[in-house]
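# Report on the structure
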Amino acid sequence: MREREELLDKYTAKVYKNRKQHITQLEFGAEPDTITANTRAIPGTMTARGCCYAGCKGVVVGPLKDVAVITHGPIGCAFYSWGTRRNKAKNDPESDNKNFVPYSLCTDMRPTDIVFGGEKKLEKAIEEVIDIFHPKCIMICSTCPIGLIGDDVQAVAKRTEAQYGIKTIGFSCEGYKGVSQSAGHHIANNGLMRYIIGTGDKKPVGKFTVNLLGEYNIGADGWEEERILKRCGIDVVSVFTGDGSYETLQNAHLADLNLVMCHRSINYVAEMMKTKYGMDWIKVNFIGVGATCKSLRMIGKYFDDPELIARIESVIAEETESIREDMENYKAKLKGKTAGIFVGGSRAHHYQLLLRDLGMETIMAGYEFAHRDDYEGSAIRPFIKSDADTKNIEEITVEPDPEKYRTRYPEEMLVSLQKDGVELDAYTGMIPDMIKGSMVVDDYNFLEVDQLGKIMKPDIIFSGIKDKYSTMKDGIGSRQLHSYDYSGPYSGFRGAVIFARDVAMSIYTPTWRLVKAPWKNTPLLTGTISGGEKHA
C-alpha cells in the first residue's frame, strides 16, 4: 500500500531489503498478513530495543520485592534497570519479608575489576547485602563485561548458597545475548522455573485460585487487577512479578489456573508449568473495559461454577456503572481520534482495545522485541525457523512431575472451552484485532516513528521515553506506556477512566503545535566564508 512504500522509500537499497520484511500494511486478503520478527536490528539504526540484561533484570526479576537482585557490572547498567518502570511493591503485613525494590544493588565494576576479574568483588557485595538486608533469596544478573571476562556467576551463586544457606541464583543474561530484551525474559523464566517454582508446599485456601503472569504492577496496575479478582471471589496466589515475591513464587504450582497478561515476557513459564504440573493458562487482558469483562467471563467459564459466574456478572455490572458517566464524557471528546502504539510486551495490542472503548482507532502499532506469534498468534509457531541467535538462549526441558502433576479437565473439555471462546493455552496475536490499512512495524526505530507521524497523521502516539519528546515536538500528542508518565493505574475499570483522562489531556493541550522553535526564525550560529560575506 502507498503509506508503506512511502515509509520504506526513505531507505537505501540494503536497508530497504531488510526493513520491508519488518513492516506490513494490513490487507486481510486471501493471503494472511505476515511479518518478520525477532531478528537482529540493522547496525546503525536507532532501534528502541533494550538488551538481554534489561529483559532479565529490568523486566522479570527486578520487581520481586523480597529478593536482593544484584547487578554484576558497571553502575550505569544497574541504574538503567532500576526505578524507571515504576514497579510498585509494598510490604506484606503477614510476612517478615522486606521490600528491596527501592534499592539498586550493584558491584560497580571498574576498569581494574574488568582487567583482573570481578568474582571476589561480587562475593564481597553478597556478603554486604546479607549483612545489611538479610534476604531469603539473592539473584545475580550479569552484564556485558561479565560475559566477556568470564566471571562465573553460577559458581558464585552455588558457593553463596552453601556458605549462607540462602537461595542464590545466577543469571547469565549478558546484554549482547539474543537480539533484544526478549532473550533476557527467556533466561529469567528458565531460572524461576528451575530453582523456585514448585519448591513450596503452602496450599492456597481459596476456592478459585490463580497466578497472574506477565503483570509488573506498573503504576499499580496489578493492585487494581487483584482488587477486581478479589471482588469476584478469585484469589491471586502469586504475581509474576510486580509486587511478587520469592515466597509466593514457590507455591505458584498449587494455584488452579495461570492468567497470562504479557505473553512475550512470561509465556515460557506458562507453557513449562502446563507441561510439568498440568496447569492450564488463559491469555487475558485487563487493559480496557470490554477486554476486562471478556477476561473475567473467560475465567468464569473455565471454573464452570454458577455462583462464580453470577458473582462475576454482578461485579461487571457494578464496576461498569460506576465509570459509565466518566467514560461517556471522555468518549465524546475522543471519538474519531487516531493513535499509534509502539511499545514492548503485549501492550501494543492491549491498549488498542482500551482506545476502541473510547471511540479511537489504532492506525499503526509495533513491538520492540516481539516474536512472530505475538503478531500472528500461536498457530504460526511451527513455521518459525530458529537461527543462531535463538539457539544462543538455553532451552530447558521439563517433564511431568510424578507427584505434583494434575489436570483439572480431560482433553475434550479443554477443546470445548476453546470453542466457547476461552483463549486457553494459546494466544491469537495482535494483528487479528487491528483494522485494514493500519501499519504494523516490528523493531521500530526513531526515523520510522517520525516518518509515520507525518504520513499517517495520528492524534497521539504511545511509546517509550526515548522517542516521547521528539514526537511531542512534532506537534503530536504523546504518552509513554513504559511508566505511564507518573500516572496510573491504567488497568481494569477505574484505570480506564484515568487513562482516558490522560489521553484527553494530551490531545487537547497541543503545546508544541502552538510554539515555533527559535532556530526556525532566528539563526543561532553565524559565520563568514573567505571573502567576508556573512552566512547564517
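Since this is a predicted model, take the numbers as computed values, not measurements.

Let us now look at the overall build of the chain. Helix and strand counts for the chain stand at 21 helices and 16 strands. Taken over C-alpha atoms, the radius of gyration comes to 24 Å for the chain, in line with the 24 Å a tight globule of 536 residues would show. Dimensions of the chain, computed from the C-alpha atoms along their principal axes, are close to 85 × 65 × 45 Å. Out of the 536 residues belonging to the chain, those deemed buried represent 56%. Pairs at least 24 apart in sequence give 75% of the contacts found in the chain among residues at least 6 apart. The averaged location of the 73 negative side-chain charges in the chain is 4 Å from the averaged location of its 68 positive side-chain charges.

For the rest of this paragraph, the subject is the sheet that holds strand E6 (residues 209-215). With respect to topology, four strands assemble into an open sheet ordered E7-E6-E8-E9, the strand pairing being parallel. Where the open sheet ends on each side, the last strands, each with one partner, are strand E7 (235-241) and strand E9 (281-283). The mean angle between the axes of side-by-side strands here comes to 25 degrees, regardless of whether they run parallel or antiparallel. Pairing geometry for strand E8 (residues 257-260) and E9, over three bridges, is parallel. By the bridge assignment, Leu 259 is partnered in E9 with Ile 282.

Counting residues in hydrophobic clusters, the biggest one holds 115 residues, and the most contacted among them are Met 139 and Phe 499. Among the nonpolar cores identified, the runner-up in size contains 19 residues, and Tyr 11, Ile 23, Ile 455 and Ile 476 belong to it.

Our next topic: the pairing of strand E2 (residues 67-72). Most of E2 is tucked away: six of the six residues are buried. Burial along E2 is two-sided: the face carrying Val 67, Val 69 and Thr 71 and the face carrying Ala 68, Ile 70 and His 72 are both buried. Pairing analysis gives two bridges linking E2 to strand E3 (residues 105-106), with the strands arranged parallel. Pairing of Thr 71 across the sheet is with Cys 106, part of E3. Read as a crossover between parallel neighbours, the route from E2 over helix H4 (residues 75-80) to E3 is right-handed.

Further remarks concern helix H8 (residues 153-164). A turn of α-helix holds 3.6 residues, and therefore any two residues three or four places apart point the same way. Taking 1.5 Å per residue, 12 residues should reach 16 Å; H8 reaches 16 Å between its end C-alpha atoms and fits that length. For H8, the complete set of buried residues consists of Val 153, Val 156, Ala 157 and Thr 160. The arc enclosing the buried residues of H8, seen along the axis, measures out at 100 degrees, which places them on a common side. Of the exposed residues in H8, the ones pointing more than 90 degrees away from its buried face are Lys 158 and Ala 162. Of the surrounding secondary structure, the elements contacted by the buried residues of H8 are E2, helix H6 (119-133), strand E4 (137-142), helix H7 (144-149) and strand E5 (167-171). Two or three places before Gln 154, at the start of H8, stands the capping residue Asp 152, its side-chain oxygen 3.2 Å from that residue's backbone nitrogen. Gly 165 occupies a position one or two residues after H8 and carries a positive phi of about 70 degrees.

On to the packing of aromatic side chains. If you walk through the whole model with that rule in mind, you get 13 aromatic pairs. On the numbers, 5.1 Å between centres and 45 degrees between planes, the contact of Phe 342 with Tyr 444 is tilted. On the criterion of sequence distance, the pair formed by Phe 342 in strand E10 (residues 338-343) and Tyr 444 in the loop between strand E12 (439-441) and helix H19 (446-456) is long-range, its members being 102 residues apart. Its relative accessible area of 0% is what places Phe 342 among the buried residues. Considering the side-chain rings of Tyr 351 and Phe 499, the 5.3 Å spacing of their centres and the 45 degrees angle between planes classify their relative orientation as tilted. Of this pair, Tyr 351 sits in helix H15 (residues 347-357) while Phe 499 is found in helix H21 (residues 492-507), placing the two residues 148 residues apart along the sequence. Each member of the pair, Tyr 351 as well as Phe 499, is classed as buried. In this structure, Lys 90 packs its charged tip against the face of Trp 223, placed 4.5 Å from the ring centre. For Lys 468, the ring lying beneath its charged end belongs to Tyr 469, and the centroid distance is 5.6 Å.

Parameters and conventions
Residues numbered from 1 in each chain as written. Predicted model: local features only at pLDDT ≥ 70, side-chain atom pairs only at ≥ 80, totals over all residues. Heavy atoms only, no water. Helix = DSSP H or I, 4+ residues; strand = E, 2+ residues; numbered from the N terminus. Rg over C-alpha atoms; globule rule 2.2 N^0.38 Å. Buried < 20%, exposed > 50% of the residue type's maximum accessible area, 1.4 Å probe, protein only. Contact = heavy atoms within 4.5 Å. Lys, Arg positive; Asp, Glu negative; His and termini not counted. Charge placed at Lys NZ, Arg CZ, Asp CG, Glu CD. Pairing = 2+ DSSP bridges. Axes fitted to C-alpha atoms, helices over the stretch in contact; angles between N-to-C directions. Core = buried A, V, L, I, M, F, W, Y, C linked by side-chain atoms within 4.5 Å. Right-handed = clockwise from strand over helix to strand, strands pointing away. Expected span 1.5 Å × (residues − 1). Arc of directions from axis to C-beta. Polar contact = N/O pair within 3.5 Å; in protein donor to acceptor, adjacent residues only side chain to side chain. Phe/Tyr/Trp six-rings, centres within 6.5 Å; stacked < 30°, edge-to-face > 60°. Lys NZ or Arg CZ within 6 Å of the ring centre and 35° of its normal.

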